[in-house]
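Chain by chain, the residues run as shown.
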Amino acid sequence: MDVIEQMKEQSKAGWASFIPFENATGIAAAQLVSFARVSEGSHLLDVACGTGVVALTAAHHGVTAEGVDLTPELVERARENAQIARLNVKFTEGDVEALPFQDASFDFVLSQFGHMFGPRAALTTKELLRVLKPKGVIAFSTWPPDFFTGNLFQLLGKYSPPPPEGITSPVSWGKPDFIREQLGNSVKDLVFDSGQMRLPGLSPVHIRIFAERNIGPVKKLIGTLEPSPEKLQTFRAELESLILRYFEDNSMRQDFLMTRAIKL
C-alpha cells in the first residue's frame, strides 16, 4: 500500500467517531446551503458528506440531493438520518480524489469541512469541478488558519511527524489566495463570506475530552502520545488553553470561511 492509500485508510478509520458532531455541523450546514443559493428542483452533491447534514438540509429546499463520503460508518449514519427525516437522499461511499459520478452530473457541488482533507488539492479540485455542470455552483466551508480549528491543526502538527511530500494541509483551504489558485480560470464570480459554528460544552476541559474522543486527528494523536505521559499532559494543557481563547457562554466559537463560484 502506497503512502496516499495508507493515509486514506487511516482517515477512514479516524473519522468514524465524528457522528456526535452532527448537531453542531447541522447548524453550519444551513449557512452553507443558504450561501450557495441552492435552488428548488436542482441536483446537488454533498462531497465528504459525513453524516449527511448538508445534503439533508438541501433536500428540505426541494433539491434532489446526494452525498458521498470515504468513511462507511458516516455513510451509514447519513442514511439513518435520511430515514429519520423522511427524506429521499442517496448516500454513497467514495473518494474525493475519484468521485464515483459521471462528468457534469450536478447543478451544485458543496462540501462542508470535508473535501479539504483530500490529500492532493489539485486532484480534489479537478474532481469537484469535473462532476459539476457548466454554469453550476461550487460552494464549500473551510477552516481559516487564524481561528480555532486552524490553530488546532497547527498544534497537532507540533506533536506529529511532518506529512509526506506533496500532501496538502487542510488549513490551506482556509486561505482565499489558495482557493483562487486552485479554482483558477475554471470559475467566475468567486465570492467569500464568513460563518460561525458553536460547540456546546460546560468547560474547556469538557470540550477537550469531547475532541479527544471524536475528532479523528486528535484521537489519533492521543493514542500516539499515551506512552509519553508528560508530553501528553503538555499537549492537553495547550489544547485547553487554545479552547479557552474561544470559549464563552458554555460553548466554543468556531469561525469558518465560505466560498462560492460558478463553473465556466
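Residues numbered from 1 in each chain as written. Predicted model: local features only at pLDDT ≥ 70, side-chain atom pairs only at ≥ 80, totals over all residues. Heavy atoms only, no water.

Could you give an account of the overall build of the protein chain, with specific residues and numbers?
Across its full length, the protein chain holds ten helices and eight strands. In terms of C-alpha radius of gyration, the protein chain reaches 18 Å, essentially the compact-globule figure of 18 Å for 264 residues. By its C-alpha atoms, the protein chain is 55 × 40 × 35 Å across when sized along the principal axes. For the protein chain, buried positions account for 54% of its 264 residues. Long-range contacts, defined as pairs at least 24 residues apart, comprise 78% of the intrachain contacts of the protein chain with a sequence gap of at least 6. Of the roughly 12600 Å² of accessible surface on the protein chain, a fraction of 52% belongs to carbon and sulfur atoms. (Helix = DSSP H or I, 4+ residues; strand = E, 2+ residues; numbered from the N terminus. Rg over C-alpha atoms; globule rule 2.2 N^0.38 Å. Buried < 20%, exposed > 50% of the residue type's maximum accessible area, 1.4 Å probe, protein only. Contact = heavy atoms within 4.5 Å. Areas by Shrake-Rupley, 256 points an atom, 1.4 Å probe, with all protein chains shown as cover.)

Explain the pattern of salt bridges to me, and be specific about the residues and the numbers.
The final tally for this structure, using the stated rule, is 16 salt bridges. Of the charged contacts in the structure, one is a salt bridge between Glu9 and Lys12, with a shortest N-O distance of 3.5 Å. Of this pair, Glu9 and Lys12 both sit in helix α1 (residues 3–14), three residues apart, roughly one helical turn. For Lys12, a relative accessible area of 24% corresponds to the partly exposed category. Each of the salt bridges in this network shares a partner with another, and the network as a whole consists of Lys8, Asp95, Glu97 and Arg120. (Salt bridge = Lys/Arg side-chain N within 4 Å of Asp/Glu carboxyl O.)

Any chance you could break down helix α10 (residues 229–245) for me, citing the residues and the numbers?
With 17 residues, α10 ought to run about 24 Å at 1.5 Å a step, and its terminal C-alpha atoms sit 25 Å apart, in line with that. Among all positions in α10, only Leu232, Phe235, Leu239, Leu242 and Ile243 are buried. Looking straight down α10, one finds its buried side chains confined to an arc of 100°; they lie on one side. Counted as exposed and oriented over 90 degrees from the buried face of α10: Pro229, Glu230, Gln233, Leu244 and Arg245. (Expected span 1.5 Å × (residues − 1). Arc of directions from axis to C-beta.)

Tell me about α1, residues and numbers included.
For the α-helix, the turn length of 3.6 residues means that residues three or four positions removed from each other point alike. Between its first and last C-alpha, α1 extends 16 Å over twelve residues, near the 16 Å set by a 1.5 Å rise per residue. When we look at burial in α1, the residues that qualify are Ile4, Lys8 and Gly14. Take α1 and look down its axis: the buried residues cluster within an arc of 130°, on one side only. Residues of α1 that are buried make contact with α9 (216–225). Near the N-terminus of α1, the side chain that reaches the backbone nitrogen of Ile4, with its oxygen 3.2 Å away, is that of Asp2. (Polar contact = N/O pair within 3.5 Å; in protein donor to acceptor, adjacent residues only side chain to side chain.)

Give me the environment of Gly136: which residues, what numbers.
Within the secondary structure, Gly136 is located in strand β5 (residues 132–142). On a C-alpha basis, the gap between Gly136 and Ser105 in space is 9.8 Å, while along the polypeptide they are 31 residues apart.

Can you break down the packing of helix α8 (residues 204–214) against α10 residue by residue, with the values?
Packing of α8 against α10 brings their axes to within 9 Å, and their N-to-C directions diverge by 120°. Regarding the angle of α8 to α10, the classification is oblique. For the pair α8 and α10, the crossing hand works out as right-handed. Contact with α8, carried on its side by Pro204, Val205, Ile207, Arg208 and Glu212, involves Arg236, Leu239, Glu240, Ile243 and Leu244 of α10 and no other residues of that element. The residue makeup of the contact of α8 with α10, split by class, is six nonpolar, no polar and four charged. (Axes fitted to C-alpha atoms, helices over the stretch in contact; angles between N-to-C directions. Parallel < 35°, antiparallel > 145°, perpendicular 65-115°, else oblique. Left-handed = near helix turned anticlockwise from the far one by under 90°. Nonpolar A, V, L, I, M, F, W, Y, C, P; charged D, E, K, R; others polar.)

Could you give an account of the packing of helix α6 (residues 148–158) against α9, naming the residues involved and the relevant values?
With their axes 11 Å apart at the nearest point, α6 and α9 run at an angle of 25° to one another. On the basis of the axis angle, α6 is roughly parallel to α9. You can see that α6 and α9 cross each other, and the crossing is left-handed. Counted together, Leu152, Phe153 and Leu156 of α6 and Pro217, Val218 and Leu221 of α9 form the full contact between these two elements. Of the residues contributing to the contact of α6 with α9, the split by class is six nonpolar, no polar and no charged.

Bear in mind that shape data such as this cannot, by itself, settle questions of function.
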